[in-house]
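Chain by chain, the residues:
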Amino acid sequence: MKTVTLPAGERVPAFGQGTWHMGDDRARRTEEVAALRLGLDAGLTLIDTAEMYGDGRAETLVGEAIAGRRDEVFLVSKVLPQHATRRGTLAACEQSLKRLNTDRIDLYLLHWRGNVPFAETLEALSALARAGKIRHYGVSNLDLADMEEWSALAGGEGVASNQLLYNLTRRGIEWDLLPWLRERHIPVMAYSPLEQARLLGHAGFTAFAGRHAMTPAQAALAWLLDKDDVIVIPKCAHRERLKENLGALDIRLTPAQRTELDRLFPPPAAPRPLEML
């Protein structure tokens, strides 16, 4: 399994499992749990979730899936910005720990910027780390100006990752944010790598995948896995789709293929506002 190194030196899988929109339908629960467990068997031991996902139902689902296997898992969750006061962050983390049925979260993220000052959130994250409730902390959906502000604060240099919308159709971060993160060895965690499946219906892209003996999903994931500082976290609620996605790990893009993808999905030619889903 390819890995990515966090700023503190810990190596984590470059291919993880997302859980957005999982846990919402009890009829799908057995298959969703089975898919997460199959991912663990295949080495996809980084699992990303959040208190927001299904109002905690995704965290409960993850807790069920990792029962008896907690020590195998690098567990990521997030605090909502409206909860990100000092007291609110501590309370939100405790609730997430309860739903996940664990005593610690490996990486705890601020989900996006709200009205709470960063300094207050950082104070809470630092307190959680000292108490052993979380092992690392980071951010999600923060643009360059936000990152500069965050990193200038006490404890801000400890950010372990920035989780961002990043895929072939959403390359705006490559203009300035991604270079800034790379200079500081802060990896990107790329969510919605398939653009919520919309990439799978792109005519030019499906033709590219067919010419190179890949499925569109495998090609989209391989493009992200081609980068040494990007963690990709596709949601996969079905075991058969997970098996397909795992094929991306065997793909090594050639320079010609990278060039072809750049023609299909050009990198940014100017700054763009940060995109979110």
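Right, let's walk through the structure included here. Since we're looking at a predicted model, the values are computed, not measured.

## Observations concerning helix α9 (residues 239-246)
Okay, step 1: Those residues of α9 not exposed but buried are L242, N245 and L246. Seen along its axis, α9 keeps its buried residues to an arc of 100°; they face one direction.
Okay, step 2: Buried residues along α9 sit in contact with α1 (29-41) and α8 (216-225).

## So, the pairing of strand β5 (residues 105-110)
Sheet faces and side chains relate simply in a regular strand, where the side chains alternate between the two faces.
Okay, step 1: Counted residue by residue, β5 has six buried out of six residues, so it is predominantly covered.
Okay, step 2: Summarising the sheet, strand β4 (residues 74-79) and β5 pair through four bridges and their orientation is parallel. The partner of V79 across the bridge, within β5, is L110.
Okay, step 3: Remark: the β4/helix α3 (residues 86-100)/β5 crossover connection has right-handed handedness.
Okay, step 4: Summarising the sheet, β5 and strand β6 (residues 134-140) pair through five bridges and their orientation is parallel. Looking across to β6, one finds that L107 is bridged to H136.
Okay, step 5: Following the chain from β5 across helix α4 (residues 118-130) to the adjacent parallel β6, one finds a crossover that is right-handed.

## Description of the nonpolar core
Okay, step 1: Within the largest apolar cluster, 85 residues are counted, with the highest numbers of intra-cluster contacts made by Y108, W150, Y166 and F205.
Okay, step 2: In terms of residue count, the dominant contributor to this core is α8 (eight residues).
Okay, step 3: If we ignore the near neighbours within four places in the chain, the residues touching W150 are L110, F118, T121, L122, L125, Y137, G138, V139, L142, G156 and V159.

## What to know about the pattern of salt bridges
Okay, step 1: Summed over the entire model, instances satisfying the criterion amount to 30 salt bridges.
Okay, step 2: Two residues, D24 and R57, come together in a salt bridge whose shortest N-O distance is 3.4 Å. Here D24 is found in the loop between β2 (11-13) and α1, whereas its partner R57 is found in helix α2 (residues 57-65), with 33 residues between them in sequence.
Okay, step 3: With a closest N to O distance of 2.8 Å, D146 and R113 form a salt bridge. With D146 in helix α5 (residues 144-151) and R113 in the loop between β5 and α4, this pair connects stretches of sequence that are 33 residues apart.
Okay, step 4: On the basis of relative accessibility, which here comes to 16%, the residue D146 falls in the buried class.
Okay, step 5: Taken together, the shared-partner salt bridges in this structure form one network comprising E10, R70, D106 and R135.

## A few points about the environment of D24
Okay, step 1: Under the relative-accessibility criterion, D24 is labelled partly exposed at 38%.
Okay, step 2: Note: C-alpha distance between D24 and L61 (37 residues apart in sequence) is 9.3 Å.
Okay, step 3: Not counting residues up to four positions away in its chain, the partners in contact with D24 are G54 and R57.

## Section: the packing of aromatic side chains
Okay, step 1: Counted according to the given criterion, the structure contains six aromatic pairs.
Okay, step 2: A centroid spacing of 6.2 Å and a plane angle of 20° characterise the contact between W20 and Y53, whose relative ring orientation is stacked. Pair noted here: W20 is in the loop between β2 and α1 and Y53 is in the loop between β3 (46-48) and α2, with a separation of 33 residues, a long-range link.
Okay, step 3: Arranged with centres 5.7 Å apart and planes meeting at 75°, the rings of F205 and F265 form a pair that is edge-to-face. Residue F205 is found in helix α7 (residues 203-211), and its partner F265 is found in the segment after α10 (255-264); the two are separated by 60 residues along the sequence. Taken as a pair, F205 and F265 share a single burial class, namely buried.
Okay, step 4: Positioned above the aromatic ring of F118 is the side chain of R113, whose terminal nitrogen or guanidinium carbon lies 4.0 Å from the ring centre.
Okay, step 5: For K227, the ring lying beneath its charged end belongs to W223, and the centroid distance is 4.0 Å.

## Side note on the pairing of β6
Okay, step 1: Of all seven residues making up β6, six are buried, and the element is well covered by its neighbours.
Okay, step 2: Where β6 meets strand β7 (residues 159-165), three bridges bridge the pair, whose relative direction is parallel. Of the residues in β7, the one forming a bridge with Y137 is V159.
Okay, step 3: Between β6 and its parallel partner β7, the chain crosses via α5, and the hand of that crossover is right-handed.

Rules and cut-offs
- Residues numbered from 1 in each chain as written.
- Predicted model: local features only at pLDDT ≥ 70, side-chain atom pairs only at ≥ 80, totals over all residues.
- Heavy atoms only, no water.
- Buried < 20%, exposed > 50% of the residue type's maximum accessible area, 1.4 Å probe, protein only.
- Helix = DSSP H or I, 4+ residues; strand = E, 2+ residues; numbered from the N terminus.
- Arc of directions from axis to C-beta.
- Contact = heavy atoms within 4.5 Å.
- Pairing = 2+ DSSP bridges.
- Right-handed = clockwise from strand over helix to strand, strands pointing away.
- Core = buried A, V, L, I, M, F, W, Y, C linked by side-chain atoms within 4.5 Å.
- Salt bridge = Lys/Arg side-chain N within 4 Å of Asp/Glu carboxyl O.
- Phe/Tyr/Trp six-rings, centres within 6.5 Å; stacked < 30°, edge-to-face > 60°.
- Lys NZ or Arg CZ within 6 Å of the ring centre and 35° of its normal.

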